[in-house]
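# A look at the structure
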Amino acid sequence: TPSLKIFTPLEVTDKNEIWIAAVSAMPEPCRILVGHSSLDGGAVLAGFSSPQFSLDAKRIYFIAELAATGNSVRAVDVATGKVDFLYRGESVEVVRSGDYAGYLIGLKAIPHAFPPPHVFRYWLLDRDGKDVAEIGEESDVKIFKSGRF
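Just so we're clear, the structure is a prediction, and the values are computed from it rather than from any experiment. Sequence positions are assigned chain by chain, starting from 1 and proceeding in written order. Local features in a predicted model are, by the rule used here, given only for residues with pLDDT of at least 70; side-chain atom pairs are given and counted only at 80 or more, and totals for whole chains, interfaces and linings are based on all residues. Calculation of side-chain values draws on the structure's entire complement of heavy atoms; hydrogens and water are dropped beforehand.

### Thoughts on the environment of His-36
Under the DSSP-based scheme used, a helix requires at least four consecutive residues in state H or I and a strand at least two consecutive residues in state E, with every element numbered from the N terminus. Structurally, His-36 is set in the loop between strand E4 (30–34) and strand E5 (46–53). For each residue, the accessible area found with a 1.4 Å probe, counting protein chains only, is set against the maximum for its type, and the residue is called buried under 20%, exposed over 50%, and partly exposed in between. Given a relative accessible area of 24%, His-36 falls into the partly exposed group.

Here you go:
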């Protein structure tokens, strides 16, 4: 909702919403998530981007602004609207076919002992954002997707 704003640690951003609409059964589009500022000291949930359905269409994965230093990847349950934090990172992609169909590829922030405080690497993650295997750099993702990894 561009006319409404939310204050995040990074910036003032639009109060986002995620809506879904079926191409057959559902009579009308349905809003399943509304961005919000901090509720009772909780986290801000705003700045949504890159929404993608899970293969079973039960979840929508998306990126949300987390802080001035990075973003988070979240999943919203389509039936309940419950939002889960999966990992701190800058991207999420649902693997659509092959041996890892349904898994995620994410550019994930890895804590680092020396400046900079985080480094980013691509990881193969399960549907809940848990590490399965490190993929590496962007060029390694292309190799992984080609099946030659």
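### A look at the pattern of salt bridges
Whenever a carboxyl oxygen of Asp or Glu lies within 4 Å of a side-chain nitrogen of Lys or Arg, that contact is scored as a salt bridge. Under the criterion given, the structure shown has eight salt bridges. Note that Asp-128 is salt-bridged to Arg-59, the shortest N-O span being 3.1 Å. Linking Asp-128 in the loop between strand E10 (118–125) and strand E11 (131–136) with Arg-59 in strand E6 (residues 59–67), this pair joins segments that are 69 residues apart in sequence. In this structure, the salt-bridge partner of Glu-137 is Arg-121, at a minimum N-O distance of 2.2 Å.

### Some words on the confidence of the model for the chain
Residues of the chain with pLDDT of at least 70 account for 77%, and the chain-wide mean is 82. The secondary-structure element of the chain with the lowest mean pLDDT is strand E1 (residues 5–7), recorded at 68, while E11 shows the highest, at 94. A residue's pLDDT is simply how confident the predictor is in it, with values from 0 to 100.

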